[in-house]
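# Descriptive analysis of the structure
Here are the chains, one letter per residue:
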Amino acid sequence: MSDPRPLPELGADEVRRLEAFAEELRLAHRPPPLSPGFAERLAERQVPRWTWRRAMRQNRLLRVAAGVLVTVAASVPVMAVIQLLTAPRTDPPAISFQAPRPAPAVEVPEDGVLPTAPANTTDLTEALDGSFIVAGDRQGRLDRASFRWRQNYPVEAPAAFEPAPGELDAGLAQGLALRFGRLEAGDVAALAAPAAASPEQLWLELERQLASGHPAMPADDLVTRVRQLWDAETSSRAWLAGWIWILDGERNSLLDRLPDAGGAGFQVFWKAADRNRQVWPAD
């Protein structure tokens, strides 16, 4: 067991004397001389060189692999000679030939030209007359108005909406109920006889179409009735201004407000449902 105490520090003079003593020891005990060839034999033992003889002598697996390789290499020519010496097959494969079938007969016109359909040179603008363009414009305006109508309605009624008998027509009451969300478009019957309809009935039909979300093009008898009432009765134009905008794209000042109807008790409902400025587009 070593002494755990630290070694004393040596002075410079003691260090010189210790080195001188070590030199005397080296001179007194020189290393013995080596025999000739010892360094070469030592190097060979330290770094062995691979040779085929040494590998075959030391590795059994390598010897087995070499034997298998020699056996296989020798058996190939032997098997080839045996194959050549054996008798050929006595049953040669049958070889047959099938003649092609005759091609089907194809009837060709005598002139050698196949008939073709005549080219369609009709211009699309010529096929579509002015009525198609007018109908497209009307349908576009009707769809836009229906979209804006459903964005603004239905709204909650400011009070219980119960029309008193005799104060408001049933059709007008249904129109207000549509705007207040108390009725759906499917609950209102379609206009049965447009040719004899009143301005109020035409207004209700327009409200029903806008609330449905998929309005249909107005029939010819309805268009005729709207124009007839518009030209004949100036006082009824407030009910028909929406139809005129859809048919002709003509914006009248009457579009900005709902018509007045009913008694004084219904003015609050008309004012609450008056959003025409938001329903009808500016163009």
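Please refer to the structure placed before this passage.
Here's a quick rundown of the structure. (Residues numbered from 1 in each chain as written. Predicted model: local features only at pLDDT ≥ 70, side-chain atom pairs only at ≥ 80, totals over all residues. Heavy atoms only, no water.)

Each helix and strand counted, the chain has twelve helices and zero strands in total. A burial count over the chain gives 24% of its 283 residues as buried. Considering only residue pairs separated by 6 or more positions, the chain has 65% of its internal contacts joining residues 24 or more positions apart. Carbon and sulfur atoms make up 58% of the accessible area of the chain, which totals about 21,400 Å². (Helix = DSSP H or I, 4+ residues; strand = E, 2+ residues; numbered from the N terminus. Buried < 20%, exposed > 50% of the residue type's maximum accessible area, 1.4 Å probe, protein only. Contact = heavy atoms within 4.5 Å. Areas by Shrake-Rupley, 256 points an atom, 1.4 Å probe, with all protein chains shown as cover.)

With that out of the way, let us pick up the pattern of salt bridges. Using the criterion set out here, one finds six salt bridges in the structure. Its salt-bridge partner being Asp-13, residue Arg-17 comes within 4.0 Å of it at the nearest N-O pair. In this pair, Arg-17 and Asp-13 both sit in helix H1 (residues 12-28), four residues apart, roughly one turn of the helix. In this structure, a network of salt bridges that share partners links the residues Asp-13, Arg-16 and Arg-17. (Salt bridge = Lys/Arg side-chain N within 4 Å of Asp/Glu carboxyl O.)

The next point concerns the nonpolar core. Side chains that are nonpolar tend, in soluble globular proteins, to be buried together. One finds Leu-202, Trp-270 and Trp-280 to be the most contacted residues of the largest nonpolar core, which totals 43 residues. Those elements that place two or more of their residues in this core are helix H6 (130-152), helix H7 (170-179), helix H8 (199-212), helix H9 (220-232), helix H10 (237-248) and helix H11 (267-272). Considering every element that reaches this core, the biggest residue donor is H10, with eight residues. Other than its neighbours up to four places away in sequence, Trp-280 contacts Ala-145, Arg-148, Leu-206, Leu-210, Gly-242, Trp-245, Ile-246, Arg-251 and Leu-255. (Core = buried A, V, L, I, M, F, W, Y, C linked by side-chain atoms within 4.5 Å.)

Bringing the side chain of Arg-225 into the picture now. Within the fold, Arg-225 resides in helix H9. Here Arg-225 occupies a buried position and makes no salt bridge, while the nearest side chain of opposite charge, Glu-233, is found at 5.8 Å. Beyond its immediate stretch of four places on either side in the chain, Arg-225 contacts Pro-194, Ala-195, Ala-196, Ala-197 and Leu-202. (Lys, Arg positive; Asp, Glu negative; His and termini not counted.)

Here the focus is a nonpolar patch on the surface. Together, Leu-10, Val-15, Leu-18, Phe-21 and Leu-25 make up an exposed nonpolar region whose accessible area comes to about 450 Å². The residue Phe-21 is located in helix H1 in this model. Given a relative accessible area of 46%, Phe-21 falls into the partly exposed group. (Patch = residues over 30% accessible without salt bridge, like charges linked within 9 Å, V, L, I, M, F, W, Y side chains within 5 Å.)

Here we take up the packing of H6 against H10. Running from N to C, H6 and H10 point in directions that differ by 135°, and their axes come no closer than 7 Å. When the interaxial angle is binned, H6 and H10 end up oblique. Of the residues in H10, those touching H6 at Arg-138, Arg-141, Leu-142 and Ala-145 are Trp-245, Ile-246, Leu-247 and Asp-248. Residue composition of the contact of H6 with H10, by class: five nonpolar, no polar and three charged. (Axes fitted to C-alpha atoms, helices over the stretch in contact; angles between N-to-C directions. Parallel < 35°, antiparallel > 145°, perpendicular 65-115°, else oblique. Nonpolar A, V, L, I, M, F, W, Y, C, P; charged D, E, K, R; others polar.)

On to the packing of aromatic side chains, then. The full count for this structure, using the stated rule, is two aromatic pairs. Relative to Tyr-153, the ring of Trp-149 lies with its centre 5.0 Å away and its plane at 40°, an arrangement referred to as tilted. Here the two residues Trp-149 and Tyr-153 agree in accessibility, since each one is buried. Pairing Trp-203 with Trp-239 gives two aromatic rings, centres 5.5 Å apart and planes at 75°, and the pair type is edge-to-face. Taken as a pair, Trp-203 in helix H8 and Trp-239 in helix H10 lie far apart in primary sequence, 36 residues in all. (Phe/Tyr/Trp six-rings, centres within 6.5 Å; stacked < 30°, edge-to-face > 60°.)

In contact at an axis separation of 9 Å, H7 and H8 are set at 25° when each is read in the N-to-C sense. When the interaxial angle is binned, H7 and H8 end up roughly parallel. At the point where H7 passes H8, the crossing takes the left-handed sense. Here Gly-171, Leu-172, Gln-174, Gly-175, Leu-176, Leu-178 and Arg-179 of H7 come into contact with H8, specifically with Glu-200, Trp-203, Leu-204, Glu-207, Arg-208 and Ala-211. Tallied by class, the residues present in the contact of H7 with H8 amount to six nonpolar, three polar and four charged. (Left-handed = near helix turned anticlockwise from the far one by under 90°.)

With that settled, consider the environment of Gln-209. By the element assignment, Gln-209 lies in helix H8. Residues Gln-209 and Ala-190 lie 19 residues apart in sequence; the distance between their C-alpha atoms is 8.9 Å.

What follows is about the side chain of Ser-146. Position of Ser-146 relative to the elements: it lies in helix H6. Overall, Ser-146 belongs to the buried group, its relative accessible area being 1%.

A few words now on H8. The terminal C-alpha atoms of H8, which comprises 14 residues, lie 20 Å apart, in line with the 20 Å expected from a rise of 1.5 Å per residue. Within H8, eleven of the 14 residues are buried, which leaves the element mostly enclosed by the surrounding structure. Restricting attention to buried positions, one finds in H8 the residues Pro-199, Leu-202, Trp-203, Leu-204, Glu-205, Leu-206, Glu-207, Arg-208, Gln-209, Leu-210 and Ala-211. Of the surrounding secondary structure, the elements contacted by the buried residues of H8 are H6, H7, H9, H10 and H11. Looking at the residues trailing H8, positive phi occurs at Gly-213, about 85°. (Expected span 1.5 Å × (residues − 1).)

Taken by themselves, the reported measurements are silent on function.
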